[in-house]
Amino acid sequence: MTAESQLRDDIVEVGRRMYARGYTASNDGNISVRLGFDRLLMTPKSVCKGFMMPDMMCITDLDGRKLQGDRDPSSEMLMHLEVYRQRPDVQAVVHAHPPTATGFAVAGIPLDRAVLAEVLTTLGSIPIAEYATPSTKELPAAVRKYIKAHDGMLLANHGALTVGADLFAAYYKMETVEHFAKISLVARLLGGENLISRAEVLRLQGLRGTYGIKAPAPICADDETPPSGDPALCQVVQAPEGGGSRLVPAGSEDAEIRLTYRQLSELIEDAIRNLR
Ligand SMILES: [Zn+2]
């Protein structure tokens, strides 16, 4: 089997997994992979990613010219081209609409809190690229701001984008983004996350090499921003000073006050008495 036919099969497999896991509905999502440095193998426009065949894929150059294929390339081709232009190290790009991560993208909440060591060492911060009309030149412009320093990002009111050193690496990052979004949602429903402290984040960052992980950019400490807080140069993660603790409740600086119903009633009665 040639390298190209293997990659066609791999795109079909990743498409099936994305559809089976509910990351895409109907014809949503798109996948591409480099064929050498300046040619791309890409999913075609208007097909369900769960039911693709290897011969459906298009081959384009890095300017988006179709070189081979019966169908037209993905409607989000411009976004893929922008990633490959900005990141010579990237071999594959995956775009989907996984529902929990996309919920965060719709709510305008980035996945940038220091919560899980695995996420910090593989992806770091997951920012939100600003809203852009899908399939227009606005979308590559929005992605450009973050893609040099991030392997995964949310797209405001749209979905998520991940990239990797091979197709499965890019796909697994999409799984990580959605998994992290689910865990963050559950933690917030249960009263909020404990965050990993700044010192522990820096320690984990130092261990990235030990785990064999090549992260796209360092995590900036607050006192380095700006100019290295530029999203093109480094990642910004919400990690509070722990004061010796490695875990810190989120929002502990202005922590909410919890009262029992009886305490609340007493406070209200006092207030009413004082009004008289
Ligand atoms: Zn999309």
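So, a few notes on the structure that sits alongside this text.

Conventions used here
Residues numbered from 1 in each chain as written. Predicted model: local features only at pLDDT ≥ 70, side-chain atom pairs only at ≥ 80, totals over all residues. Heavy atoms only, no water. Helix = DSSP H or I, 4+ residues; strand = E, 2+ residues; numbered from the N terminus. Buried < 20%, exposed > 50% of the residue type's maximum accessible area, 1.4 Å probe, protein only. Contact = heavy atoms within 4.5 Å. Areas by Shrake-Rupley, 256 points an atom, 1.4 Å probe, with all protein chains shown as cover. Lys, Arg positive; Asp, Glu negative; His and termini not counted. Charge placed at Lys NZ, Arg CZ, Asp CG, Glu CD. Pairing = 2+ DSSP bridges. Salt bridge = Lys/Arg side-chain N within 4 Å of Asp/Glu carboxyl O. Axes fitted to C-alpha atoms, helices over the stretch in contact; angles between N-to-C directions. Parallel < 35°, antiparallel > 145°, perpendicular 65-115°, else oblique. Left-handed = near helix turned anticlockwise from the far one by under 90°.

Right, let's talk about the overall build of the protein for a bit. Across its full length, the protein carries eight helices and twelve strands. Each principal axis of the C-alpha distribution contributes one length, and for the protein these read about 80 × 40 × 30 Å. The buried share of the protein, reckoned over its 276 residues, is 47%. The contacts of the protein with a sequence gap of at least 6 include a subset with a gap of at least 24, amounting to 66%. Of the roughly 13900 Å² of accessible surface on the protein, 54% is carried by carbon and sulfur atoms. Between the centroid of the 30 positive side chains of the protein and the centroid of its 35 negative side chains there is a distance of 2 Å.

To continue, consider the pairing of strand β2 (residues 39-42). Inspection of the sheet shows strand β1 (residues 30-34) paired to β2 by three bridges, in the antiparallel sense. Each bridged residue has a counterpart across the sheet, and for V33 the counterpart in β2 is L41. Counted between consecutive antiparallel strands, the loop separating β1 from β2 contains four residues, among which G36 sits at a positive phi close to 75°. Taken together, the four bridges between β2 and strand β3 (residues 58-61) define a ladder with antiparallel strand orientation. Counterpart to L41 in the pairing with β3 is I59.

What the rule picks out here adds up to 18 salt bridges. Between R16 and E13 there is a salt bridge, with its nearest N and O atoms 3.5 Å apart. Within this pair, R16 and its partner E13 are both found in helix α1 (residues 3-20), separated by three residues, close to a single helical turn. Owing to a relative accessible area of 27%, E13 belongs among the partly exposed residues under this scheme. Ionic pairing is found between E82 and R85, a salt bridge with its closest N-O pair at 3.5 Å. Of this pair, E82 and R85 both sit in helix α2 (residues 77-86), separated by three residues, roughly a single helical turn. The structure contains a network of salt bridges with shared partners spanning R87, D89, D151 and K173.

This part covers the packing of α2 against helix α5 (residues 138-147). For any two helices packed against each other, the geometry is given by the interaxial angle and the distance between the axes. Running from N to C, α2 and α5 cross one another at 30°; their axes reach a closest spacing of 9 Å. Taken together, the axis directions place α2 and α5 in an arrangement best described as roughly parallel. Regarding α2 and α5, the two cross each other, and that crossing is right-handed. Only L139, P140, V143, R144 and I147 of α5 make contact with α2, whose side of the interface consists of L78, M79, E82, V83 and Q86.

One open sheet accounts for eight strands, arranged β4-β3-β2-β1-β5-β8-β7-β6; its pairing is mixed. Looking along the sheet, the strands with just one partner apiece sit at the ends: β4 (66-68) and β6 (128-129). Pairing analysis gives four bridges linking β1 to strand β5 (residues 92-96), with the strands arranged antiparallel. Across the sheet, residue N30 finds its bridge partner in β5, namely H95. Contacts from helix α3 (residues 99-107) reach β6, β7 (152-155) and β8 (159-164), with the element oriented near 60° to β7. Contacts from α5 reach β6, β7 and β8, with the element oriented near 145° to β7.

Of all the positions in α3, only T100, A101, T102, F104 and A105 are classed as buried. Buried positions along α3 lie against β6, β7, β8 and α6 (167-189). Looking at the residues trailing α3, positive phi occurs at G108, about 75°.

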